[in-house]
Amino acid sequence: MYESCLDPLTCGPVMDLLSTTKYQFFSKHVGTIGVSPLPKRNNNQALRISMLHERAWLLKIQALALHVSDISSSVYREACLAILSDAFGHCAENMKNASMFQSPGTPICTSSGLMNRNKVLELLEVVQFRCPDTSMKYPQLLSNLRVESKIEEILRNSATSEFGGVYYFSERGDRLIDLDAFHQKLIQMSQELHTQLSESEKGELKESFHRMLKWAWRYNKNLEEQAAQLHMLTSWSQIVEVAVSRRMSLLENRSQLLFELLDASLGATSSPDCSVKMAYILTNVALTCMAKLRDERFICPTGADSDAVTCLDIISAKQLSNAACNSLLFKLIMAIMRNESSETLRRRQYALLLSYFQYCGSILDSDVPPSVIRFLLLEEQEGDDDELTLQNVLKEQSELARANFAIIRKEAQAVIDLVTKDAIHGSETGKAISFYVLDSLVSIDHEKYFLNQLQSRGILRSCLTDVSNYLSKDMSFSSEFSQRFCTIDAQFSLLLRITHHYGKHGSQILLSMGALQNLSSCSLSGYQKKGSSRLNSNVVKERAGEIDKKWSLTAPVLRIITSFTSLVDSADFLEVKNKIVREIVDFAKQHQSIFNSILRENISGANAFSLERLNMVVSILSKIWAYEENDECSYVQDLFSMMHSLFSLDFGSLNFIQSPNMIENQKSELVLFGICFGLISYLYFLATKKNMRFQISDGDNNKLGQQQPTLQMVSNLLNSVTLALERVGEEKYLLLNKVRDLNELSRKEVDEIIKVCMKQDCISPNDNIRKRRYIAMIDLCCMAGNRDQLITLLLQVAECAITILLVHFHDEACAEDLSSFSDELLPLLERLEHLKEDKVGRNLKLFYRSVSTLKEMTVRSMTM
């Protein structure tokens, strides 16, 4: 029947027939044939094998129906609902009148009568038994005749009986022993030994050959049973994965169902009865369920009678309880530590572990800051209760993180030993995912425990050495390049996690291991794009792809160097020979071509990756280059030149801020002002620490035509920041108002919001207005969060600019010439005074004081 459903000629009529109420793809047999006990192996193994295959085909038919059925057809929809009801217990349409608070173990009444909760779990129990012995351990024969070696030679030959061997392949592809061919081989061997044996030995040899044939028959049956077991488990995995990935919307209590499937799959995987092949199938099922569980957490809550959404819906995500998460993690660790394993299996288990950590990482959407949530909660009627709910959610999140750490720490030695072994000695694919696992373990470390474990095993030193060696090699045209690149990328991820999670302590550890020396030895300059007319177009494209990949590794290198600048203590920074400063300065000198090319790139046409690199280069130089007396690298002029072009730039006119994707535009604008902050911080340091004073404007005082920073330039930046603060504050205000008024918007207006945010792929034409509003609310909150971040950054830029101007007004030598400059500055300061705290969302008391002080000095300068 299954093959008839697949055949192009018969699939239509057969599928139509099986979808009728009379058959409904035999789903009613799941609760009878599917879960009935198997015959004992010793009593009737042939029937046992047959019943396993029978259930496998039954499940495959239903999985195929769930996969290909058009549920817009009432007949096929009813058939799919019947399959889901019979296999998983119940579905949403059968539960409309059921209580939402019904306990999970309670039987459910439907139109077809009383049903158990989940037959799929019972099906898994049926197939979960110790695999029969399929080893080649045959009975011992007459050792003095050396018959064993001849038997072993016969069995070791993998040829089929047609080509002189003793094997054949069954219909399902199992390689079995051809008993007739094997018998002939034994007879031939007996004839060869006939003259060498006594009568008693002949009898013993005959009996031994008889036992060999019985062993071969048993071997075939065991192998067939093993194949049947895998066949049924594969079919079970198909119906589960199809239902979860394609028909989840038709199921009720989805998070609970996914947890049950995950829990059962992991429990079966860690069982000693589970073979490696079975464990691999079960782990794939667990991966699918975990991915869907992560999706479920941020899908619009269902079950509400109203079409309206509230901010509380964002924090009422369908997260499993901490106890359920802890149970999953414990079973997953046990599955990873199982005795019988393989690298292929562990790679899937590592992927599952990473997915679990991502699920536990944050109940709230990472792009929605708690400050925005709190503001919106206070605007709603039950603000106090909602604030308490948010606090409880964050508290539970913290407790879950600590519990995850405690569970893994109990098995930490064994887990880290296994993961580091795969990271060092595994295949390139295994190495990459192993380093990502170490990265995730560091991210949940609360006591620097995992950091000490990694140090003691030399993993961090190994990463630095591998990174240095990889970046120092010439380009190569091999498939090994891409695989190795993934491993290096994972190693960078681990190193960056160390600096991010442990802060200055982590950066200090990497420095003590010679990280700067390792990174300085990398020939980053070799990764800039170069053409070659001698190569054909395909080779050029391939080489360009390789260069693009290696060029992308400059970003993590610069990120690590940026983390090292945090170690520069301001009190010791005045010491020009400060060791950290000197090492970073040396790094910048050794990679002058890279730094220069990044600094001189055209900002107006830059993409997000280019802006990120530029931001990091400016951040590095702004913190250390002020103490380098010799500017042979011309970095100072590059920075000054960038200030002249950037501080007076109309940010709204840039190409990357005019793309259709509004969220990406906002992110680019945030990075751009981050670059401005790095540049103004450099001027701030020159003015306050090195007592440098700037000219009012460009004039004849420029040295040899070189560009110098000016007060007019600082004023231009302050003007841009003021405009941005007014605009961004208004944007944030409007975004939050739009969130509050979202339930009053029509479907068309809501879809416009989703379209502007480029999230059309998150909805389908069948999604109701509630889900659309939920997605729009998340997007609006993310944009409001971005605006909130930008406001913080803009205020920091403004404070630096105001301080630089105050330093010059306080300096009597400079103040005398600032009268005309003050005329232009005063209107700008008056606009800053009129910034509204409710629009900006900040307490501006100290900021107003700085502005007021500068305004007083400006007025005084004007009257002089």
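Quick caveat: nothing in here was measured; it's all calculated off a predicted structure.

What counts and how
The numbering scheme is per chain: residues are counted from 1 as the chain's sequence reads. Totals for whole chains, interfaces and linings use all residues, but because this is a predicted model, local features are given only for residues with pLDDT of at least 70 and pairs of side-chain atoms are given and counted only at 80 or more. Derived side-chain values reflect all non-hydrogen atoms in the structure, with water molecules and hydrogen atoms excluded from consideration. UniProt positions are given in the numbering used here, feature names are shortened, and annotations may be inferred rather than shown by experiment. Secondary structure elements follow DSSP: runs of H or I no shorter than four residues count as helices, runs of E no shorter than two count as strands, and numbering proceeds from the N terminus. Between N-to-C directions, angles cover 0 to 180 degrees, with each direction set by a line fitted to C-alpha atoms, over the stretch in contact for helices. For classification purposes, angles smaller than 35 degrees are called roughly parallel, those larger than 145 roughly antiparallel, those between 65 and 115 roughly perpendicular, and all remaining angles oblique. In this scheme the crossing of two helices becomes right-handed for a clockwise turn of the near helix relative to the far one and left-handed for an anticlockwise turn of less than a right angle. The contact definition used throughout considers only heavy atoms, calling two residues in contact when any of these lie within 4.5 Å. Residues are grouped as follows: Ala, Val, Leu, Ile, Met, Phe, Trp, Tyr, Cys and Pro are nonpolar; Asp, Glu, Lys and Arg are charged; all remaining types, including Gly, are polar. Ring pairs shown here join Phe, Tyr and Trp side chains whose ring centres sit within 6.5 Å, with only the six-membered ring taken for Trp; geometry is labelled stacked below 30 degrees between planes, edge-to-face above 60, and tilted in between. Only protein chains enter the accessibility calculation, which uses a 1.4 Å probe; a residue is then buried when its area is under 20% of its type maximum, exposed when over 50%, and partly exposed in between. Sitting over a ring, as applied to charges here, requires NZ of Lys or CZ of Arg to be within 6 Å of the ring centre and within 35 degrees of the ring normal. For this analysis, a polar contact is any N or O atom pair within 3.5 Å, provided that within protein one partner can donate a hydrogen and the other can accept it, and provided that sequence-adjacent residues contribute only side-chain to side-chain pairs. Here, a salt bridge means any side-chain nitrogen of Lys or Arg that lies within 4 Å of a carboxyl oxygen of Asp or Glu. The disulfide criterion used throughout: a pair of cysteine sulfur atoms within 2.5 Å.

(A) Looking closely at the UniProt feature "transmembrane region" (unreviewed entry) in the protein. In the numbering used here, UniProt assigns the feature "transmembrane region" (unreviewed entry) to residues 670-687. With 100% helix and 0% strand, the stretch residues 670-687 has end C-alpha atoms that lie 25 Å from each other.

(B) Representation of the packing of helix α34 (residues 819-833) against helix α36 (residues 845-863) within the structure. Taken N-terminus to C-terminus, the directions of α34 and α36 make an angle of 150°; their axes are 9 Å apart at the nearest point. For the element pair α34 / α36, the angle class is roughly antiparallel. Note that α34 runs across α36; the crossing there is left-handed. The residues of α36 that touch α34, namely those facing S819, S822, D823, L825, L826, L829, E830, L832 and E833, are F847, Y848, V851, S852, L854, K855, T858, V859, S861 and M862. For the contact of α34 with α36, the class distribution of residues is 10 nonpolar, five polar and four charged.

(C) Quick look at the packing of aromatic side chains. Counted by the stated rule, this structure contains 11 aromatic pairs. Here F405 and F450 contribute two aromatic rings whose centre-to-centre distance is 5.6 Å and whose plane-to-plane angle is 85°, an arrangement assigned as edge-to-face. Of this pair, F405 sits in helix α15 (residues 383-410) while F450 sits in helix α18 (residues 449-456), and the two are 45 residues apart along the sequence. Judged by relative accessible area, F450 falls into the buried class, the value being 1%. The aromatic ring of Y167 is capped on one face by R175, whose charged end is 4.1 Å from the ring centroid.

(D) Focus on the side chain of N596. Here N596 shows up in helix α26 (residues 592-599). Relative accessible area serves as the criterion here: at 8%, N596 is assigned to the buried category. Within the structure, the side chain of N596 is placed 3.5 Å from the backbone oxygen of C633, a separation counted as a polar contact. N596 has contacts with C633, S634, Y635 and D638, leaving out every residue within four places of it along the chain.

(E) Structural detail: the pattern of salt bridges. According to the stated counting rule, one finds 32 salt bridges in the structure shown. One salt bridge in this structure joins K431 and E428, with 4.0 Å as the shortest N-O distance. Taken together, the residues span about one helical turn, with K431 and E428 both in helix α17 (residues 428-443) at a distance of three residues. Classification of K431 as buried rests on a relative accessible area of 17%.

(F) Expanded view of the state of the cysteines. For the structure shown, the criterion picks out zero disulfides. Not part of a disulfide, C11 finds its nearest cysteine sulfur in C5, a span of 8.2 Å. Exposure remark for C11: the relative accessible area of 25% places this residue in the partly exposed category.

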